[in-house]
Amino acid sequence: MLLSSLRTTVFCGCRNVSRGFQHNGSQVRPPLRQWLVQRSQSTIAAEVGVTSARVAATVPNAATNRIVGRWLLGCSGLVVGAVVLGGVTRLTESGLSMVDWHLVREMRPPQSQAEWEAEFSKYQQFPEFKVMNHDMTLPEFKFIFYMEWGHRMWGRLVGLAYILPTAYFWRKGYFSRSMKGRVMGLCGFVFFQGLLGWYMVKSGLEEKPESYDVPRVSQYRLSAHLGSALLLYCASLWTGLTLLRPPHKLTETSRLLQLRRFAKGTGGLVFLTALSGAFVAGLDAGLVYNSFPKMGERWIPDDLLAFSPTLKNFFENPTTVQFDHRILAISSLTAITGLYMFSRRMVLPRRAKIAISLLTAAAYGQVALGISTLLLYVPTPLAATHQSGSVVLLSLAIWVLAELRKMPK
């Protein structure tokens, strides 16, 4: 009897306790579940926010555009260095001293006496030594060799400056879709420029028994080599400036449209004048008539059209080539002066006015340099300065165009 009552009491107590736990659990479970759901949602939101921040940091924006713009301006500066160094190499007649082309092997110049003598013996087998430098000594050869070697190494530096940052910025997502096409074009142009340089040098290493002229590279290939370098420079400078300098909010009027067209035509004329200088250098045409403004005793020399057919004179007759360069230079100066006078009657942003004024001043300085170089029989320092001045003039013309460009739609 006692055991039965005790059993009943224990059983009822356990059942009541179990009901109590169930009742308490039904009150506690919803808040716990809600807290867990909220915590998971906040974690997902935080992860999405971090991912969005990373995506926003890698897409092109104002900060990445400034980085890319400065990089392209730096690359354009290196191209200027290559153009100037190439001009000095041409003026010192050093361009044919290296008779081989190897992308990696020639990066190390000769070190020992035996290596220098072997390199010198290779040079002695080609026309420039046989015709012009048959009495050249080894120290003299070392000078022209190092000039050409420095030019080639600078070209490799330009290539690395374009290709390596392009790969890095591409991976970081700094380029827009249109910018990817531009930088790929620039890198391809660098590669083409290197091949064109060697193609140019080869023209001066060929034996020409039928010719009695001094060995020199083809003026056509020299002009193509310089022209491609200038195109690479202009494209890099233009892209860099447009990324760094936002366009001005100019009121589109008929006069502004005329000024913009005038500036484009003037820039094209400056480029053409610089390119004609390559034919002058390739044919040594600066040594033909060293007087100004007349050519000798005449305004138009007798041998201006001495070659047949007539078209051949414009590219192979030194007299005609110098005459053309004079006409183009005077035309460029006249166009720049007209651009300056036309712009003074318009309301333009301060930067645009400064760019046009500097372009005008540089044009007069460049013409003065050209006349001095001619009258003094083309001294190397003055001729190198004149060649560099053409790049300065072209740079200022690009700056003017960048300041006058339209607002993007």
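Everything that follows concerns the structure shown earlier in this document.
A. The arrangement of unusual backbone geometry in detail. Looking along the chain, the bond that leaves Phe292 and enters Pro293 is cis, with omega of 5°. Note that Pro293 resides in the loop between α8 (254-282) and α9 (313-316). Across the junction of Ser308 and Pro309, the peptide omega takes the value 5°, indicating a cis bond. If you trace the backbone, Pro309 turns up in the loop between α8 and α9. Positive phi, close to 55°, is recorded for Glu93, a residue that is not glycine. Structurally, Glu93 is set in the loop between α2 (62-91) and α3 (113-123). Residue Glu93 is classed as partly exposed on the basis of its relative accessible area, which comes to 37%. Notably, Asp284 is not glycine yet its phi reads approximately 55°, a positive angle.

B. Representation of the pattern of salt bridges in the model. Under the definition given, this model contains 13 salt bridges. When the shortest N-O distance is used, the salt bridge between Glu106 and Arg152 registers 2.8 Å. Pair noted here: Glu106 is in the loop between α2 and α3 and Arg152 is in helix α5 (residues 138-172), with a separation of 46 residues, a long-range link. Arg152 matches Glu106 in its accessibility class, with the two residues each being buried. Close ionic contact of Arg260 with Glu252 constitutes a salt bridge, the shortest N to O distance being 3.2 Å. Taking the relative accessible area as the measure of exposure, Arg260 reaches 5% and is therefore buried. What makes Glu252 partly exposed here is its relative accessible area of 48%. When salt bridges with common partners are traced through the structure, they connect Glu106, Glu148, Arg152 and Arg156 into a single cluster.

C. Molecular detail of the packing of α2 against helix α12 (residues 380-403). Viewed as axis vectors pointing N to C, α2 and α12 meet at an angle of 150°, and their least axial separation amounts to 10 Å. Between α2 and α12, the angle falls in the class roughly antiparallel. Regarding α2 and α12, the two cross each other, and that crossing is right-handed. Contact residues: α2 offers Val80, Val83, Val84, Gly87, Val88 and Leu91, while α12 offers Thr380, Ala383, Ala384, Gln387, Ser388 and Val391. When the residues that make up the contact of α2 with α12 are grouped by side-chain class, the tally is eight nonpolar, four polar and no charged.

Criteria and cut-off values
- Residues numbered from 1 in each chain as written.
- Predicted model: local features only at pLDDT ≥ 70, side-chain atom pairs only at ≥ 80, totals over all residues.
- Heavy atoms only, no water.
- Helix = DSSP H or I, 4+ residues; strand = E, 2+ residues; numbered from the N terminus.
- Buried < 20%, exposed > 50% of the residue type's maximum accessible area, 1.4 Å probe, protein only.
- Salt bridge = Lys/Arg side-chain N within 4 Å of Asp/Glu carboxyl O.
- Axes fitted to C-alpha atoms, helices over the stretch in contact; angles between N-to-C directions.
- Parallel < 35°, antiparallel > 145°, perpendicular 65-115°, else oblique.
- Left-handed = near helix turned anticlockwise from the far one by under 90°.
- Contact = heavy atoms within 4.5 Å.
- Nonpolar A, V, L, I, M, F, W, Y, C, P; charged D, E, K, R; others polar.

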